[in-house]
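The chain contents come next:
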Amino acid sequence: MTTGKLLATQGYVVGIEISGSGSRQAIALADLNGTILYRVRRPLEYVPDAETVLQLIGKMLTEVTTPERLSDGRILRVGVAIGGLVDATHGIVRTLHHAHGWDNFPLQDYFEEKLDIPCIINNNANAAALAEVQYGAGIGERNALYVGLGRGIGGGMVVGGKIYQGATCSAGEIGHMLVKENGPKCSCGGFGHLEAIASAQAISRRMIGLSAEYPETEAAIRRVTGGRAERITAEQVFRLAAEGDTLAQRIVEEVYTYLGIALANIVHLVNPGVIILGGNVAQAGELLIPPLQERIRELCLPSVGQSVRVVQGKHGSEANLVGAITLALQDV
Ligand SMILES: [Zn+2]
């Protein structure tokens, strides 16, 4: 599916981002170099079902692909990056966490019939991994790991320049790696999974939950969130830790430890040239990356750990959308 060669010289591609939680619905029109020409985001405040999302996406498509925006030709491909389990080989959404109506949904056929344009779908972390390798922080790397540290944790592996899908297209689901026996409960129902410790949601929730016993931390949270403690971000927890807040330091230390364990294990198995961190937690930047890189090196055999770079993704909150465009640009 991925030759990466551009055969067409005129036209456009469309990238679509769909999340299970409803918090991210986005569409972008891009040229054949992957440059975004126009984009629309329509986050929802509730968890929508498949029908609601597809109606919304339909309206957004009409808005994005007006005739005057398509002066240089037609739309050649549509790429869709999905926040759930995707059977990319058959173009089917297996399941979208937290959302209804998506189980075994033939999304690739749906868009191809509706739009009469070839469509490629994949998991959002896989798409973001490919985007970072082709257009972002991992340019030139043949073997790379992308870790999306968002509301949940997604992973995508590029091996030999291509997305590694695994036997049933489930490779890279690193959020559910067991890292702490008898650890906190995960969104999937399991315990001690990486996502339950190092996702943006886990970090914020832990900070709020434990702060009841720390009056100074409570005051600090109120200060940085303008009195709306429930809005504290993972990045703010990292900043408070850097300012010396002991509770924040404890929470951040756990992130380094368990994310370090998960990534060191993956490094020994896959030997990636680079680990690219995306999602909200990666916004902590220098407060996250050098300590994590050091932890990974401590935990790895020197010959394996020394060579791996840990970097922040280039595409930030656009990673999944740029990923969708990158999918669309394969084989155009
Ligand atoms: Zn889990």
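Refer to the structure presented above.
About the cut-offs
- Residues numbered from 1 in each chain as written.
- Predicted model: local features only at pLDDT ≥ 70, side-chain atom pairs only at ≥ 80, totals over all residues.
- Heavy atoms only, no water.
- Helix = DSSP H or I, 4+ residues; strand = E, 2+ residues; numbered from the N terminus.
- Polar contact = N/O pair within 3.5 Å; in protein donor to acceptor, adjacent residues only side chain to side chain.
- Contact = heavy atoms within 4.5 Å.
- Donors = N, O, S within 2.8 Å, 3.2 Å for Na, K, Ca; no water.
- Tetrahedral: all angles 85-135°; square planar, octahedral: opposite > 155°, others 65-115°.
- Buried < 20%, exposed > 50% of the residue type's maximum accessible area, 1.4 Å probe, protein only.
- Disulfide = S-S within 2.5 Å.
- Pairing = 2+ DSSP bridges.
- Axes fitted to C-alpha atoms, helices over the stretch in contact; angles between N-to-C directions.

A. Focus on the side chain of Asp245. Relative to the helices and strands, Asp245 resides in the loop between α7 (234-242) and α8 (246-270). Of the polar contacts made by the side chain of Asp245, one reaches the backbone nitrogen of Leu247; its length is 3.1 Å. The contact partners of Asp245, leaving out residues within four places of it in the chain, are Met207, Glu216, Thr217, Ala220 and Leu240.

B. Here's a closer look at the coordination of the zinc ion. Taken together, the protein ligands of the zinc ion are His176 (ND1), Cys186 (SG), Cys188 (SG) and His193 (ND1), with distances of 2.0 to 2.3 Å. Around the zinc ion, the 4 donor atoms sit at angles spanning 98 to 118°, and that spread fits a shape best called tetrahedral. Expressed as a motif, the donor residue spacing for the zinc ion is H-x9-C-x1-C-x4-H. Of this pair, His176 sits in the loop between β10 (162-163) and α4 (195-198) while Cys188 sits in the loop between β10 and α4, and the two are 12 residues apart along the sequence. What makes Cys188 partly exposed here is its relative accessible area of 44%.

C. Representation of the state of the cysteines. Applying the stated criterion to the full structure yields 0 disulfides. Cys119 carries a free sulfur, and the closest cysteine sulfur to it, the one in Cys169, is 15 Å from it.

D. View of the sheet that holds strand β7 (residues 119-123). Spatial ordering of the open sheet is given by β3-β2-β1-β4-β7, a layout of 5 strands whose pairing is mixed. Looking at strand neighbours, the two that pair on one side only are β3 (36-41) and β7, the edges of this open sheet. Pairwise comparison of adjacent strand axes, ignoring direction, gives a mean angle of 15° for this sheet. With 5 bridges joining them, strand β2 (residues 25-30) and β3 adopt antiparallel strand pairing. Each bridged residue has a counterpart across the sheet, and for Ile27 the counterpart in β3 is Val40. The sheet strands contacting helix α3 (residues 124-135) are β4 (75-83) and β7, and the helix crosses β7 at an angle near 105°. In the packing of helix α11 (residues 319-329) onto the sheet, the strands contacted are β1 (12-19), β2, β3, β4 and β7, and the crossing angle to β1 comes to about 135°.

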